[in-house]
Amino acid sequence: MKKLTKKQMISTGAVVILAIGGVSVGVINHSNTVHAQQVAKTKAHDAKVKADKEAKAKQLAKEKEAAQQKQVATLLDTATKNPSDDSIKAVNDAIAKLTDQKEKTKDADLVKELDNRLALIKKAQAAVKDYQAHATDANKQKSAQAAINALTDKNDASVKAQLQKLFDESSKQAQDATKAAQVKQQSSQETQKANVANTSNQQTAQNTQENNSNSSGNSTSPNVTPSYNGGGTSTNTGTNNNSNGSNQGNNNSNNGNNNSNNNGNNNSGNNDNPTPDPTPQPTVKYMGWVSVNGAIKYSQNFDTDAEATQYAQSMYKQECLSNWSSDSIGWGVRPVQV
């Protein structure tokens, strides 16, 4: 075997090293390629997973929004048919959960219409209730009817009909009460006239009786009536004792004595029967009264019939409006002596 020189050995080693190095480089390159492919595949898989998640989340959000819009529509339908504070609040709470701003704006405008309708309904209800408590007040009657007429939405037809029924019932009660008051007033006026006439007749009879009594007391006094038969005088003493015609020729002295005696008797009669003092006349007042179920509940005396009538009518209206359950309420005016 031929020995290799030093130079040959170095060259041969270099070749060997190069060969080994080439093999290593090839292995490394292959490994890097495989790793890069694995990394790319992982990234692609992760991207796909992420995209799938996003798509799924988007689909879920879309479905949730659709379900929420459906709930809003259902609540709006309920509130539209029967608007109330609770139904409108439920709609507003559902709208707040929407994410679509366009849908939110549209639904909010519908809620504003519901708020306006509900305000009109409440105003009509309050006006009718006020009219029920003051059925004879023409201004409250007018306000209540105007508030009812303002309910023009077709969905409010049932509420409007109910309020109109209550209004008509109160109106009829007021009309009946007014008619009854007019009838009672007329009857009371007729009774009052009859009472006044009766009182006047009684007063006239009493005055006549007093005058007759005074006349009777004064008639006991002797009256002197001059007589021209024979120039003498005839004395009437109240007992029809007249001078006899046969005494007409008596002398003047006897006539003088008769006149003296008669004058004395007249003075004595007047002193025994003095003129009586006038009898005090009673004062007439007018009592206005209101009765409930046959018993007088309110009464007050006045100087004039007009004042008593005004008081009785006022208390009668007040009692009619505050006491619907009573079977009978009446009023009247009558003269009283105090």
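Fair warning: this is a prediction, and the values are worked out from it, not measured in the lab.

**Things to note about the pattern of salt bridges**
Part 1 of the argument: Considering all chains together, one arrives at eleven salt bridges under this definition.
Part 2 of the argument: The salt bridge partner of Asp52 is Lys48, with a shortest N-O separation of 3.2 Å. Remark: Lys48 and Asp52 occur in helix α1 (residues 6-81); sequence separation between them is four residues, near one turn of the helix.
Part 3 of the argument: On the accessibility criterion, Lys48 (53% relative accessible area) is exposed.

**Concerning helix α4 (residues 138-149)**
Part 1 of the argument: A rise of 1.5 Å per residue sets the reference length of α4, with its twelve residues, at 16 Å; its end C-alpha atoms lie 17 Å apart and thus fit the reference within 8%.
Part 2 of the argument: The opening residue of α4, the one whose side-chain oxygen lies 2.9 Å from the backbone nitrogen of Asn139, is Asp137.

**Digging into the packing of helix α2 (residues 85-96) against helix α3 (residues 101-133)**
The angle between the axes and the distance between the axes are what describe a pair of packed helices.
Part 1 of the argument: Between α2 and α3, the shortest axis-to-axis distance is 10 Å and the interhelical angle comes to 170°. The orientation of α2 with respect to α3, classified from their angle, is roughly antiparallel. In this structure, α2 uses Asp85, Ile88, Val91, Asn92, Ile95 and Ala96 to contact α3, whose residues at the interface are Lys104, Asp107, Ala108, Val111, Leu114, Asp115, Leu118 and Lys122.
Part 2 of the argument: Across the contact of α2 with α3, the residue classes break down as eight nonpolar, one polar and five charged.

**Regarding helix α7 (residues 305-322)**
Count 3.6 residues to each turn of an α-helix, and residues three or four apart come out pointing the same way.
Part 1 of the argument: Helix length check: α7, at 18 residues, gives a terminal C-alpha distance of 26 Å against a target of 26 Å (1.5 Å per residue), a fit within 8%.
Part 2 of the argument: Among the residues of α7, Ala308, Thr309, Tyr311, Ala312, Met315, Tyr316, Glu319 and Cys320 are the ones counted as buried. One side of α7 holds all its buried residues, which, seen down the axis, span an arc of 165°. Pointing more than 90 degrees away from the buried face of α7 are the exposed residues Ala306, Gln310 and Ser322.

**A word on the confidence of the model for the protein chain**
Part 1 of the argument: When pLDDT is averaged along the protein chain, the result is 76; 66% of the residues meet or exceed 70.
Part 2 of the argument: α4 holds the highest mean pLDDT among the elements of the protein chain, 95, whereas strand β2 (residues 233-236) holds the lowest, 36.
Part 3 of the argument: Note that residues 214-271 has pLDDT below 50 and, in this model, 29 contacts with residues that lie over four places away or in other chains.

**Quick look at the sheet that holds strand β3 (residues 284-292)**
Part 1 of the argument: The strand order β4-β3-β5 describes an open sheet built from three strands, whose pairing is antiparallel. Each of the sheet's edge strands pairs with one partner strand only, and the pair in question is β4 (295-302) and β5 (329-337). Taking each pair of neighbouring strands and ignoring which way they run, the sheet shows an average axis angle of 20°.
Part 2 of the argument: The sheet contact formed by β3 and β4 spans seven bridges and is antiparallel. Bridge assignment links Ser291 to a residue of β4, and that residue is Ile296.
Part 3 of the argument: Seen against the sheet, α7 touches β3, β4 and β5 and runs at an angle of roughly 155° to β5.

**Some thoughts on the environment of Ala174**
Part 1 of the argument: Its location among the elements puts Ala174 in helix α5 (residues 157-218).
Part 2 of the argument: Residues Ala174 and Leu321, spaced 147 residues apart in sequence, show a C-alpha to C-alpha distance of 8.7 Å.
Part 3 of the argument: When neighbours within four sequence positions are excluded, Ala174 is seen to be in contact with Ala135 and Thr136.

**Let's talk about the nonpolar core**
Part 1 of the argument: Judged by nonpolar contacts, the single largest core of 13 residues is most densely connected at Val290, Ala308, Tyr316, Ile329, Trp331 and Val333.
Part 2 of the argument: Counting residues per element, the ones that place at least two in this core are β3, α7 and β5.
Part 3 of the argument: Of all the elements, α7 adds the most residues to this core, at six residues.
Part 4 of the argument: If you look at the next biggest cluster of nonpolar residues, it comprises twelve residues, including Ile121, Ala124, Ile148 and Leu163.

**Details of the side chain of Thr309**
Part 1 of the argument: Note that Thr309 resides in helix α7.
Part 2 of the argument: Not counting residues within four places of it along the chain, the set of residues in contact with Thr309 comprises Gln185, Trp331 and Val333.

**Concerning the side chain of Asp156**
Part 1 of the argument: The topology assignment puts Asp156 in the loop between α4 and α5.
Part 2 of the argument: Under the relative-accessibility criterion, Asp156 is labelled buried at 3%.
Part 3 of the argument: Look past the residues within four positions of Asp156 in its chain and what remains in contact with it is Pro83, Arg117 and Ile121.

**A few points about the packing of aromatic side chains**
Part 1 of the argument: Scanning all chains against the criterion turns up two aromatic pairs.
Part 2 of the argument: With centroids separated by 5.4 Å and ring planes inclined at 45°, the aromatic side chains of Phe302 and Tyr311 adopt a geometry described as tilted.
Part 3 of the argument: By relative accessible area, which is 16% here, Phe302 ends up buried.

**Digging into the packing of α3 against α4**
Part 1 of the argument: Two elements in contact, α3 and α4, have axes whose closest approach is 8 Å; the angle formed by their N-to-C orientations is 155°. In terms of orientation, α3 lies roughly antiparallel with respect to α4. For the crossing formed where α3 meets α4, the hand is left-handed. Facing α3, whose interface residues are Lys123, Ala124, Ala127, Val128, Asp130 and Tyr131, α4 presents Lys140, Gln141, Ser143, Ala144, Ala147 and Ile148.
Part 2 of the argument: Residue composition of the contact of α3 with α4, by class: seven nonpolar, two polar and three charged.

Calculation criteria
Residues numbered from 1 in each chain as written. Predicted model: local features only at pLDDT ≥ 70, side-chain atom pairs only at ≥ 80, totals over all residues. Heavy atoms only, no water. Salt bridge = Lys/Arg side-chain N within 4 Å of Asp/Glu carboxyl O. Helix = DSSP H or I, 4+ residues; strand = E, 2+ residues; numbered from the N terminus. Buried < 20%, exposed > 50% of the residue type's maximum accessible area, 1.4 Å probe, protein only. Expected span 1.5 Å × (residues − 1). Polar contact = N/O pair within 3.5 Å; in protein donor to acceptor, adjacent residues only side chain to side chain. Axes fitted to C-alpha atoms, helices over the stretch in contact; angles between N-to-C directions. Parallel < 35°, antiparallel > 145°, perpendicular 65-115°, else oblique. Contact = heavy atoms within 4.5 Å. Nonpolar A, V, L, I, M, F, W, Y, C, P; charged D, E, K, R; others polar. Arc of directions from axis to C-beta. pLDDT = per-residue confidence, 0-100. Pairing = 2+ DSSP bridges. Core = buried A, V, L, I, M, F, W, Y, C linked by side-chain atoms within 4.5 Å. Phe/Tyr/Trp six-rings, centres within 6.5 Å; stacked < 30°, edge-to-face > 60°. Left-handed = near helix turned anticlockwise from the far one by under 90°.

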